[in-house]
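# A closer look at the structure
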Amino acid sequence: MPYEPTLLARIDKPNSGKLEGYRADGGYATIERALKELKSEDVTKQVKDSGLRGRGGAGFPTGLKWTFLPANHPGPIYLCVNADESEPCTYNNRILMEKDPHQVIEGIMLACYAIKSKCAFFYVRYEYGDAFRALESAVSELYAGELLGKNIFGSGFDLDIVLHRGAGAYICGEETGLIESLEGKRAWPRIKPPFPAVEGAFRKPTIVNNVETLACVTQIMARGERLVQVPRHSA
């Protein structure tokens, strides 16, 4: 069976990072469908059923992680996007941010809808200058096109994305160190428990996912959970 690129399928296209090009390739149709046809729990279930594991290195099941948020929490609930990591397996994520930022952002939107978050903090490693500028341009396009902010696609769903440029500290790749830095403190990991899903950014429930994980969420919701389903072998 021939290899078919998935996450990197668009990176060589002209203006791959622009909203017009992304929408011409079907971009944001998935989040529009989800907002109009699916419940937030349906998105969580599809990601959980896919077997997707976090691409940041720990490999924790993504959908399961989302279910750790307190039930019926009045909010706010936050999503933190970890784009600070610089291990070899995560350094490549800068390509997704530089060349196809809207794929990542659509994954953020889907994740926020799933976890009932109205605000996502996108924490970008300081050295990723090109990635930060590409994301900044993409987010601006979305606000201008009314695809971020209030009442997205007329669904009643509100979402803001806040870009935050880190200070180049390696330890910010650890999720609680990232949260401390985001809050303006020294990037020193917290003692756990409590875990971020219970008490994270600004002491509110928070999910931390990395860039590639969220790009995978876009593809899973667009193509179905079998795209990355992990085989379950009997003992």
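The paragraphs below set out a description of the structure included in this document. Every chain is numbered independently, its residues counted from 1 as its sequence is written. Where totals are concerned, whole chains, interfaces and linings use all residues; where local detail is concerned, this predicted model gives features only for residues with pLDDT of at least 70, and gives and counts side-chain atom pairs only at 80 or more. For the side-chain quantities, the full set of heavy atoms in the structure was used; hydrogens and water were omitted.

## So, the overall build of the chain
When helices and strands are tallied, the chain shows ten helices and five strands. Two things to know: the radius of gyration comes from C-alpha atoms, and the globule rule equals 2.2 Å times the number of residues to the power 0.38. For 235 residues, the compact-globule estimate of 2.2 N^0.38 gives 18 Å, and the C-alpha radius of gyration of the chain, at 17 Å, lies within 12% of that figure. Seen through its C-alpha atoms, the chain measures out along the principal axes to roughly 45 × 45 × 40 Å. Throughout this description, buried means an accessible area under 20% of the type-specific maximum (1.4 Å probe, protein chains only), exposed means over 50%, and partly exposed covers the range between. Counting every position in the chain, which comprises 235 residues, the buried fraction comes to 49%. Contacts are assigned to residue pairs that have any heavy atoms within 4.5 Å of one another. Expressed as a percentage of contacts within the chain between residues at least 6 apart in sequence, the contacts between residues at least 24 apart total 74%. Secondary structure elements are defined from DSSP: runs of H or I of at least 4 residues count as helices, runs of E of at least 2 residues count as strands, and each element is numbered from the N terminus.

## Details of the sheet that holds strand 4 (residues 157-165)
A pair of strands is labelled paired if DSSP reports no fewer than 2 bridges between them. Read from one edge to the other, the open sheet built from five strands follows the order 3-4-2-1-5, with strand pairing classed as mixed. Edge positions in the sheet fall to strand 3 (149-152) and strand 5 (206-210), since each has one partner strand and no second. Looking at each pair of strands side by side, their axes are set apart by 25 degrees on average, direction ignored. For strand 2 (residues 119-124) and strand 4, the ladder comprises six bridges, and the chain directions are parallel. What sits directly across from Tyr123, in strand 4, is His164. Each axis is a line fitted through C-alpha atoms, and for a helix only the stretch in contact is used; angles between axes span 0 to 180 degrees, taken between their N-to-C directions. Sitting on the sheet, helix 9 (residues 175-182) is in contact with strand 1 (78-83), strand 2, strand 4 and strand 5, with an inclination near 100 degrees to strand 2. Sheet strands in contact with helix 10 (residues 211-223) are strand 1, strand 2 and strand 5, and its direction is about 90 degrees off that of strand 5.

## Topic: the pairing of strand 3
Examined bridge by bridge, strand 3 and strand 4 share two bridges and lie antiparallel to one another. The residue of strand 4 that forms the bridge with Ile152 is Phe157. If you look at the hairpin formed by strand 3 and strand 4, you'll find four residues sitting between the two strands, and Phe153 has a positive phi there, around 55 degrees.

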